[in-house]
Amino acid sequence: VGAVTCVIALSTVLFLPAHALWTVGAGFAFAHATNNMVEGVVLGSLAVFCGAVLGSVSSFLLGRYLFREYVLNLAARYPTFRAVDQALQGHAGLKIMLLLRLSPLIPYNALDYISGV
């Protein structure tokens, strides 16, 4: 479980795609390891969820402290990122963030880094 969680967290930080494949693969692997489909899917989903949360928090912190200048320069170059930054400054920041997490407009990996600045 820990290895899958670490791989998902690392793939989130490094902008590697295919989280859906990791989720299905983890569920499949854990289902075969436990010989129980329901337990395997629950265990795999939990591992992927924890890895995604760990990766998102890591990306946020990296964007805030280590790569702050780079992310600011990147965000200034693209109008979509500027619009997201302005939208998050208002009173509806939480609602905007939740909607952006569900939207395919901006990859959530990039959103994590941008949210850090």
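Coordinates for the structure precede this section.
As the structure is a computational prediction, the values presented were derived from the model and not from experiment.

(A) Representation of the side chain of S11. Relative to the assigned elements, S11 resides in helix 1 (residues 2–13). Here I8 takes part through its backbone oxygen, which lies 2.9 Å from a polar atom of the side chain of S11. Each residue touching S11, except ones within four places of it in the same chain, is listed here: L16, H19 and N109.

(B) Focus on helix 2 (residues 19–34). For helix 2, spanning 16 residues, the distance from its first C-alpha to its last is 22 Å, which sits close to the expected 22 Å at 1.5 Å a residue. Three or more residues of helix 2 are buried, namely H19, A26, G27, F30 and A31. Mapping the buried residues of helix 2 onto a view down its axis gives an arc of 130°, with all of them on the same face. More than 90 degrees from the buried face of helix 2, the exposed residues found are L21, V24, F28 and H32. On its buried face, helix 2 sits against helix 1, helix 3 (37–66) and helix 7 (108–115). Positive phi shows up at N35, right after helix 2, with a value of about 55°.

(C) The arrangement of the packing of helix 1 against helix 7 in detail. With their axes 8 Å apart at the nearest point, helix 1 and helix 7 run at an angle of 70° to one another. Between helix 1 and helix 7, the crossing angle belongs to the class labelled roughly perpendicular. Side by side, helix 1 and helix 7 meet where S11, T12 and V13 of the first sit next to Y108, N109, D112 and Y113 of the second. Split into classes, the residues belonging to the contact of helix 1 with helix 7 amount to three nonpolar, three polar and one charged.

(D) Molecular detail of the packing of helix 4 (residues 68–77) against helix 5 (residues 79–89). Across the interface, helix 4 lies against helix 5 with an axial gap of 5 Å and an inter-helix angle of 105°. Accordingly, the angle class assigned to the pair helix 4 and helix 5 is roughly perpendicular. Between helix 4 and helix 5, the contacting residues are L74, A75, A76 and R77 on the first element and P79, F81 and R82 on the second.

(E) Quick look at a nonpolar patch on the surface. Residues F49, V53, V57, L61 and Y65 make up a contiguous nonpolar surface patch of about 520 Å² in total accessible area. Mapping V53 onto the fold places it in helix 3. Take V53: its relative accessible area is 38%, and that puts it in the partly exposed class.

(F) Focus on the pattern of salt bridges. Applying the stated rule across the entire model yields one salt bridge. Residue D112 is joined to R101 by a salt bridge in which the shortest nitrogen-to-oxygen separation is 2.6 Å. With a gap of 11 residues between them, D112 in helix 7 and R101 in helix 6 (residues 93–102) connect regions that are remote in the sequence.

(G) Layout of the nonpolar core. Core analysis: the largest hydrophobic core is formed by nine residues, namely A75, F81, V84, M97, L100, I106, A110, L111 and I114. Secondary-structure elements contributing two or more residues to this core are helix 5, helix 6 and helix 7. The leading source of residues in this core is helix 7, at three residues.

Rules used in this analysis
- Residues numbered from 1 in each chain as written.
- Predicted model: local features only at pLDDT ≥ 70, side-chain atom pairs only at ≥ 80, totals over all residues.
- Heavy atoms only, no water.
- Helix = DSSP H or I, 4+ residues; strand = E, 2+ residues; numbered from the N terminus.
- Polar contact = N/O pair within 3.5 Å; in protein donor to acceptor, adjacent residues only side chain to side chain.
- Contact = heavy atoms within 4.5 Å.
- Expected span 1.5 Å × (residues − 1).
- Buried < 20%, exposed > 50% of the residue type's maximum accessible area, 1.4 Å probe, protein only.
- Arc of directions from axis to C-beta.
- Axes fitted to C-alpha atoms, helices over the stretch in contact; angles between N-to-C directions.
- Parallel < 35°, antiparallel > 145°, perpendicular 65-115°, else oblique.
- Nonpolar A, V, L, I, M, F, W, Y, C, P; charged D, E, K, R; others polar.
- Patch = residues over 30% accessible without salt bridge, like charges linked within 9 Å, V, L, I, M, F, W, Y side chains within 5 Å.
- Areas by Shrake-Rupley, 256 points an atom, 1.4 Å probe, with all protein chains shown as cover.
- Salt bridge = Lys/Arg side-chain N within 4 Å of Asp/Glu carboxyl O.
- Core = buried A, V, L, I, M, F, W, Y, C linked by side-chain atoms within 4.5 Å.

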